[in-house]
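Inside the fold
The lines below spell out each chain.
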Amino acid sequence: MKTVKNNNTEETIVAIIGAGISGLTLATFLQKAGITCIVLERRNRSYIEMRQRAGVVDARAVRMFERWDLADKLLAGPVATTIDYRLNGKGRIFKIAEDVGSSSRFCTQQMLVGNLMRELIDNMAGDVRFDVSDVVIYNEEGGCPKVTYSDANGSHELVCCYIAGCDADRGISRTSIPEGVITRYTHEFGYAWLAALVEAPVIGDPIMAISDHGCVAQLPRGPHRSRYYLQCPLGDNASDWTNDRIWNEIRLRLNDETIQNAVVHDKFIVPLRSVVYAPMQYRNLFLVGDAAHLVPPTSAKGMNLALYDVDILSQAILKAVQDKDTSALENYSEIVLPHIWNYQDFAVWMTDMMHDAGDPTQNGTFRQQIARARLDNLFNSETAAHLHSEYQRGTN
Ligand SMILES: Cc1cc2nc3c(=O)[nH]c(=O)nc-3n(C[C@H](O)[C@H](O)[C@H](O)COP(=O)(O)OP(=O)(O)OC[C@H]3O[C@@H](n4cnc5c(N)ncnc54)[C@H](O)[C@@H]3O)c2cc1C
């Protein structure tokens, strides 16, 4: 039960930092299970609802939403099960093999976040506090965890049993953990992607294209929009990429002069890197999603890994609160990390293949030929195609 102890101090079972995909999903499950939680978010609601990134909820995450009887409320319909892998303009369609049970669903991150907010805040009277600042975590040994924060009405304190750090890579949760407790494992790919959301749908199949001029991908983001990703040097700024330059590069890399310019809604640079922080917990603080790991967007798995963490953490909290069994919470990090490393492997495989196979100035002609052989394997070997399908579906 949520209790107000005095004007500035309240009690709740779980304090959640961050109202992105993981914070909102975790809060929705806990609220549905009758476990009180308060979400603290530094941005306002409309900013959160506007942020556009991922586009596919994979089969594993769909199954999780189905278990909570929320899949049809939160997610849209089936997603394309084909990928057009192009090499210098020549396409080959990879068909993601079907599996028994749930399939991946199309749902932009923006759409899922909006639906979660409506379900949590508007339908279930969940407690999400926007526009907060100065969030500080107190997580002393043997003591009751606390979170303090400020808003327009002054300073506040939440006394809780558990804290979920869902505030992504630049949040305060991970940095509240004393130095020496967690290890950062990282791999830098040495290049970036320019991500451009454009007013032009994917015609046909989603495209992942290798070219001598660099990688380009076009992924669906609704009936009228898609996101293009263009490999670029790490030092580039979004302002270096005028809209004309973006469209000229797309035509060049896809070897298709018929592509017409369209409105570019936003563009930003994403450095490609893989990061894992381990362990993902410290005392009563549990790191979730991008706060604990980052994958390059080539894999389209960042949101899905965040949802995986939520699945494990929500079940562990339920066990701890309802059955007084804290074993799953104590082992949260050990349960989650093998899955995260498995998908880091997939992300590195995809990223290396898509980039090394193209511009040889990146990693040399030897790596280029190996990467092209890997791509060929997807079309020549049933075993390779099966494994690739498992990763794409999210069932591995
Ligand atoms: C260009 C791009 C494309 C992507 N494409 C895909 C894709 O195709 N498929 C896929 O699965 N993933 C994709 N991702 C990754 C995916 O968007 C992230 O992995 C996902 O958002 C992680 O969810 P999260 O809840 O951990 O973090 P977020 O969704 O970032 O939420 C974190 C929240 O914490 C809040 N916060 C931060 N600091 C504080 C603080 N101090 N106090 C309070 N609140 C705070 C933030 O404002 C934010 O609302 C993509 C990412 C990018 C950048």
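Reading the values: the criteria
Residues numbered from 1 in each chain as written. Predicted model: local features only at pLDDT ≥ 70, side-chain atom pairs only at ≥ 80, totals over all residues. Heavy atoms only, no water. Near = heavy atom within 4 Å. Polar contact = N/O pair within 3.5 Å; in protein donor to acceptor, adjacent residues only side chain to side chain. Areas by Shrake-Rupley, 256 points an atom, 1.4 Å probe, with all protein chains shown as cover. Helix = DSSP H or I, 4+ residues; strand = E, 2+ residues; numbered from the N terminus. Domains from an automatic or database assignment. Salt bridge = Lys/Arg side-chain N within 4 Å of Asp/Glu carboxyl O. Core = buried A, V, L, I, M, F, W, Y, C linked by side-chain atoms within 4.5 Å. Buried < 20%, exposed > 50% of the residue type's maximum accessible area, 1.4 Å probe, protein only.

Neighbouring residues of the ligand: 34 residues in total, closest Ser22, Glu41, Gln109, Asp290 and Met303. For the ligand, an oxygen atom lies 3.3 Å from a polar atom in the backbone of isoleucine 21. Between the ligand and glycine 302, the relevant distance is 3.3 Å, taken from an oxygen atom to a main-chain nitrogen or oxygen of the residue. Taken by itself the ligand offers 1000 Å² of open surface, and the protein chains cover 92% of this. Taken together, the elements giving at least two residues each to the shell around the ligand come down to helix 1 (21-32), strand 18 (264-278) and helix 7 (302-322). The dominant element in the shell around the ligand, judged by the number of residues it contributes, is helix 7, at four residues. Counting contributing residues per domain, the shell around the ligand is built from domain 1 (3-78 + 106-184 + 275-345) and domain 2 (188-273 + 357-393), each supplying no fewer than three.

Moving on: the pattern of salt bridges. On inspection of all chains with the given rule, the structure shows 20 salt bridges. Of the charged contacts in the structure, one is a salt bridge between lysine 319 and aspartate 325, with a shortest N-O distance of 4.0 Å. Of the charged contacts, one joins aspartate 356 and arginine 367 as a salt bridge, the two residues approaching to 3.4 Å between their closest N and O atoms. One end of the pair, aspartate 356, is in helix 9 (residues 332-356); the other, arginine 367, is in helix 11 (residues 365-380), and eleven residues separate them in sequence.

So, about the nonpolar core. Grouped together as the largest cluster of nonpolar side chains are 105 residues, with contacts concentrated most on Ile16, Val57, Phe65, Tyr85 and Leu112. Counting residues in each nonpolar core, the second largest holds 18 residues, with Val198, Tyr228, Cys232 and Ile259 among its members.

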